[in-house]
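Remarks on the overall topology
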Amino acid sequence: MKVSIIIPTYNEKENIPKLFERIFKVFNENKIDGEIIVVDDNSPDGTADVANKYSKNFPVKVITRKEEKGLASACVEGFKHAKGDIFIVMDADLQHPPEKIPELIFAIKKGADIAIASRYVGNFGLNLSLGRKLISKLASKLAETFFWEIKEIKDKESGFFAFKKEVIKDIELKPKGYKILLEILILGNYNKVKEIGYKFGKRYAGKSKMSFNVVFSYLIHLMSLLWRSGKLMKFLKFCIVGVIGVAINLAILYFLTNFGLYYMISGAVAIEASLLSNFFLNRIWTFRREAKHIGIGSAIVKDHITRLMGILINLICLFAFTELFHFYYIISMLIGIVASTLWNFIGNVRWVWKT
Ligand code: GDD
Ligand code: MN
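Calculation rules
- Residues numbered from 1 in each chain as written.
- Chains lettered and ligands numbered in written order.
- Predicted model: local features only at pLDDT ≥ 70, side-chain atom pairs only at ≥ 80, totals over all residues.
- Heavy atoms only, no water.
- Helix = DSSP H or I, 4+ residues; strand = E, 2+ residues; numbered from the N terminus.
- Rg over C-alpha atoms; globule rule 2.2 N^0.38 Å.
- Buried < 20%, exposed > 50% of the residue type's maximum accessible area, 1.4 Å probe, protein only.
- Contact = heavy atoms within 4.5 Å.
- Areas by Shrake-Rupley, 256 points an atom, 1.4 Å probe, with all protein chains shown as cover.
- Lys, Arg positive; Asp, Glu negative; His and termini not counted.
- Charge placed at Lys NZ, Arg CZ, Asp CG, Glu CD.
- Salt bridge = Lys/Arg side-chain N within 4 Å of Asp/Glu carboxyl O.
- Core = buried A, V, L, I, M, F, W, Y, C linked by side-chain atoms within 4.5 Å.
- Donors = N, O, S within 2.8 Å, 3.2 Å for Na, K, Ca; no water.
- Near = heavy atom within 4 Å.
- Polar contact = N/O pair within 3.5 Å; in protein donor to acceptor, adjacent residues only side chain to side chain.
- Nonpolar A, V, L, I, M, F, W, Y, C, P; charged D, E, K, R; others polar.
- Pairing = 2+ DSSP bridges.
- Right-handed = clockwise from strand over helix to strand, strands pointing away.
- Domains from an automatic or database assignment.
- Buried area = accessible area lost by both parts, 1.4 Å probe.
- Axes fitted to C-alpha atoms, helices over the stretch in contact; angles between N-to-C directions.
- Parallel < 35°, antiparallel > 145°, perpendicular 65-115°, else oblique.

Structural notes on the overall build of the chain
From N to C terminus, the chain includes twelve helices and seven strands. Its C-alpha atoms give the chain a radius of gyration of 26 Å, more than 25% over the compact-globule value 20 Å for 355 residues. Expressed along its principal axes, the backbone C-alpha trace of the chain runs to roughly 90 × 40 × 40 Å. Evaluated residue by residue, the chain yields a buried proportion of 49% over its 355 residues. Within the chain, contacts between residues at least 6 apart in sequence are counted, and of these 78% link residues at least 24 apart. When the accessible surface of the chain is split by element, carbon and sulfur atoms take 63% of a total near 18200 Å². Taking the average location of the 50 positive side-chain charges in the chain and that of its 33 negative ones, the two points are 2 Å from each other.

Structure follows, in structure tokens:
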């Protein structure tokens, strides 16, 4: 199996010789058929020239970008030129020890689709300032809030990882900032991820390019991932279905109450009617793709359990706000609907339609 190592660089001239030397040694000692692809953003220090000197005698390719800038997008450019079956991404500053490469490749050969060199596996310490540790933790928590399916992965922000080229086949990668792995974990096609502990070393030479801009890009990147992964769209659809449900709910509540029914009884009927319309609309629209893999029977059972608790939340609101705070009962119902919609959405995505 051929291996492509993709290295984004910006002003890393002094690190290149040492980095290449260590990578070639690893290639030789482990009989790895590998190539190195450097993607440089026209570094003023001449990183590209230094790297290019190796390309005559070694499997090194240097790509210089002039229009675009950024670590993650540089990696995507590198993927386009890579000829390997396994792609490995790593930094140029030797914070990512090349000696871990064989272990990453081994994990892939053993069946992992993605193998991550992880700063949070084993007891290696982080080598980051307190401020950066904190930012890193916060960033990770934020990603987990929206993308709970990758919660189990400890180092989602790692810049050192390997994957089978099929993982990103036919996938449009458009990362901003630093987090190329996050982009692949959220959009890629894969089953098994393996994490391998390593010691995140100190920079050999030069300076980190981490800045406030990178933190800001991260937030933009998360928003873009929410959109491109289809999650935001799902929530919008769920809300539209919910609005239709609200209309049905209020209409029934109003008419039945006007016909002389006690408002708590008409409220219960109204909830049941909107609940059914929500389920079927979500099934044929919001979760159409998921619904193909899920039997309607189990979905209905799970949905009813979820929504039964939703109804409880809704009724408690209807009662509490009307009786305790003397709200108009229609308003109380609206509050109940908002609370139960949030509950129901979480239940729907994470349980009812979980494939
Ligand atoms: N082409 C290109 N363009 N490369 C860049 C750019 C850019 O705009 N910015 C940074 N790089 C290159 C650097 O030259 C280096 O090789 C690598 O990307 C990492 O940059 P650093 O500035 O050293 O990042 P870091 O040490 O703060 O953080 C790295 O390691 C963490 C742990 O794995 C990054 O890879 C993080 O994403 C990662 O979480
Ligand atoms: Mn670094």
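More follows now that the structure is in view.
Details of the pattern of salt bridges
Following the criterion strictly, the structure yields 21 salt bridges and no others. The closest approach of N and O atoms between lysine 156 and glutamate 144, which form a salt bridge, is 2.8 Å. Here glutamate 144 lies in helix H5 (residues 130-146) and lysine 156 lies in the loop between H5 and strand S6 (161-164), a separation of twelve residues in the sequence. Residue classification places lysine 156 among the buried residues on the basis of a relative accessible area of 1%. Residue classification places glutamate 144 among the buried residues on the basis of a relative accessible area of 11%. Residues participating in the shared-partner salt-bridge network are Glu12, Asp93, Arg203 and Lys209.

Details of the nonpolar core
Of all hydrophobic cores here, the largest spans 37 residues; its most connected members are Phe20, Ile36, Ile88 and Ile101. Top contributing element to this core by residue count: helix H1 (residues 16-29), with seven residues. Not counting residues within four places of it along the chain, the set of residues in contact with isoleucine 88 comprises Val3, Ser4, Ile5, Ile6, Ile101, Ile105, Phe160, Phe161 and Ala162. Ile6, Cys75, Ile153 and Ile184 belong to the second largest nonpolar core, which has 36 residues in total.

Quick look at the coordination of the manganese ion (ligand 2)
Coordination of the manganese ion (ligand 2) by the protein comes from Asp93 (OD) and Gln95 (OE1), over a distance range of 1.9 to 2.0 Å. Residue aspartate 93 is classed as buried on the basis of its relative accessible area of 3%. The exposure class assigned to glutamine 95 is buried, which follows from its relative accessible area of 13%.

Looking at the site of ligand 1
Neighbouring ligand 1 are 28 residues; Glu12, Asp41, Gln95, Glu157 and Lys209 lie closest to it. Between ligand 1 and valine 39 there is a distance of 3.1 Å, counted from a nitrogen atom to a backbone nitrogen or oxygen. One of the side-chain N or O atoms of aspartate 93 is found 2.8 Å from an oxygen atom in ligand 1. Elements with a minimum of two residues in the shell around ligand 1: strand S1 (2-9) and helix H3 (71-81). Of the residues contributing to the shell around ligand 1, the split by class is ten nonpolar, seven polar and eleven charged.

Section: the pairing of strand S3 (residues 60-64)
Pairing geometry for strand S2 (residues 33-40) and S3, over five bridges, is parallel. If you follow aspartate 40 over to S3, its bridge partner there is threonine 64. Each parallel crossover has a hand, and the one from S2 via helix H2 (residues 47-52) to S3 is right-handed.

Overview of the environment of phenylalanine 24
Secondary-structure assignment places phenylalanine 24 in helix H1. Put simply, phenylalanine 24 and serine 73 are 49 residues apart on the chain and 25 Å apart in space, counted from C-alpha to C-alpha. Those residues in contact with phenylalanine 24 that lie beyond four places of it in its chain are Ile36, Tyr54, Phe58, Pro59 and Val60.

A few points about the domain arrangement of the chain
Accessible area lost on assembly of the parts is the figure often given for the size of an interface. Partitioning the chain into structural domains gives domain 1 (3-228) and domain 2 (231-352). A C-alpha centroid distance of 45 Å is found between domain 1 and domain 2. Taken together, the contact pairs six residues of domain 1 with five residues of domain 2. Interface area for domain 1 against domain 2, summed over the two sides, is near 620 Å², with a carbon-plus-sulfur share of 68%. Three residues, Trp148, Leu226 and Trp227, lead the burial of domain 1 against domain 2; their summed loss comes to 85% of the area buried on that side.

Quick look at the side chain of histidine 221
Inspection of the secondary structure assignment puts histidine 221 in helix H7 (residues 212-228). Note on histidine 221: relative accessible area 1%, which makes it buried. What histidine 221 contacts, discounting residues up to four positions off in sequence, is Pro175, Lys176, Lys179, Glu183 and Arg228.

Some details on the packing of H5 against H7
When two helices pack together, their arrangement is given by the angle between the helix axes and by the axis-to-axis distance. Contact geometry for H5 and H7: axes closest at 11 Å, N-to-C directions at 10°. Relative to H7, H5 is oriented roughly parallel. In this structure, H5 contributes Ile135, Ala139, Ser140, Leu142, Ala143 and Phe146 to the contact, and H7 contributes Val215, Tyr218, Leu219, Leu222 and Leu226. Residue composition of the contact of H5 with H7, by class: ten nonpolar, one polar and no charged.

Some points on helix H6 (residues 180-187)
Most of H6 is tucked away, with eight of its eight residues classed as buried. Among the residues making up H6, those that are buried are Ile180, Leu181, Leu182, Glu183, Ile184, Leu185, Ile186 and Leu187.

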